[in-house]
Structures are given as C-alpha cells and as structure tokens.
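# Structural overview for review
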Amino acid sequence: MLYSEDMTGHAVIGEAAVNLAVREEEISVDALLTELNIMLKAEKTSSRSRRISDAISWLRDFRTVGSRGGAGKKWMLCDADSPSAGGESTIRLQADDEDEMR
C-alpha cells in the first residue's frame, strides 16, 4: 500500500493498527505502542526506525483519555520535505502463519 507524503507519520501508526486488526487483536493506545516497539526492534533502516520512534513518543501522550499534550508535534510530516521521500511512503504489513500467498 502506498500513501502520499503528507500521510507519512500516520502511516507508521496505521501500519501497526492494521497488523493488530489482521491478527484480530484489540486496537488501543497500549496495543499500538507494543506493536510499534516490535516493529522498531525488527527494523534495520535508520530513517524508518526514527519515524517509528517518533510515533512511539507522540503516541505515549495519548495513554490517558483526553491527553493531547503532544498532538501539535510536527513528527507526522518529518520527511515530507525530503527529496528521498519521492512522494510515497511504503506500508509494510506483517504476514502470519495463516496467510496464504496469492
């Protein structure tokens, strides 16, 4: 799946949410943080690791209901100006043992 560059920051959290949904797990802030940490440990690309780390830091502000202290941070568009972004960001979905190759 590809998203335009203005959705880059949302894509990392969206990727974590889709991974949880595919496994039919609850999608909550804590579950997203756990999934993002798993993604971070598995990531080998430094720029993507930085985006995942930034998403984790931003999402931690939402652990309590109504908490939006970090909502104004600009991390979601951190690579929008990057020439290497190429106008698209790649979303990586994790396959599990039950997935079939099509």
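For the structure itself, look to the data block above.
Below or above, wherever it landed, is the structure these notes cover. (Residues numbered from 1 in each chain as written. Predicted model: local features only at pLDDT ≥ 70, side-chain atom pairs only at ≥ 80, totals over all residues. Heavy atoms only, no water.)

### Considerations on the overall build of the protein
Per the secondary structure count, the protein includes 3 helices and 2 strands. A separation threshold of at least 6 residues defines the contact pool for the protein, and within that pool the share at least 24 residues apart is 57%. Taken as a whole, the protein presents about 6800 Å² of accessible surface, with 51% of it coming from carbon and sulfur. (Helix = DSSP H or I, 4+ residues; strand = E, 2+ residues; numbered from the N terminus. Contact = heavy atoms within 4.5 Å. Areas by Shrake-Rupley, 256 points an atom, 1.4 Å probe, with all protein chains shown as cover.)

### Here's the deal with unusual backbone geometry
Phi is positive for E24, close to 55°, though the residue is something other than glycine. Here E24 is to be found in the loop between α1 (8–22) and α2 (29–42).

### Points about the nonpolar core
Counting 15 residues, the largest nonpolar core has V12, I13, L32, L36, M39, I52 and L59 as its most contacted members. Listing elements by their share of this core, those giving two or more residues are α1, α2 and α3 (46–60). (Core = buried A, V, L, I, M, F, W, Y, C linked by side-chain atoms within 4.5 Å. Buried < 20%, exposed > 50% of the residue type's maximum accessible area, 1.4 Å probe, protein only.)

### Topic: α2
Taking 1.5 Å of rise per residue, the 14 residues of α2 would be expected to cover 20 Å, and the 20 Å separating its terminal C-alpha atoms lies within 8% of that figure. Among all positions in α2, only L32, L33, E35, L36 and M39 are buried. The arc that holds every buried residue of α2, seen down its axis, measures 165°, which confines them to one face. Opposite its buried face, α2 presents the exposed residues K41 and A42, each directed more than 90 degrees away. (Expected span 1.5 Å × (residues − 1). Arc of directions from axis to C-beta.)

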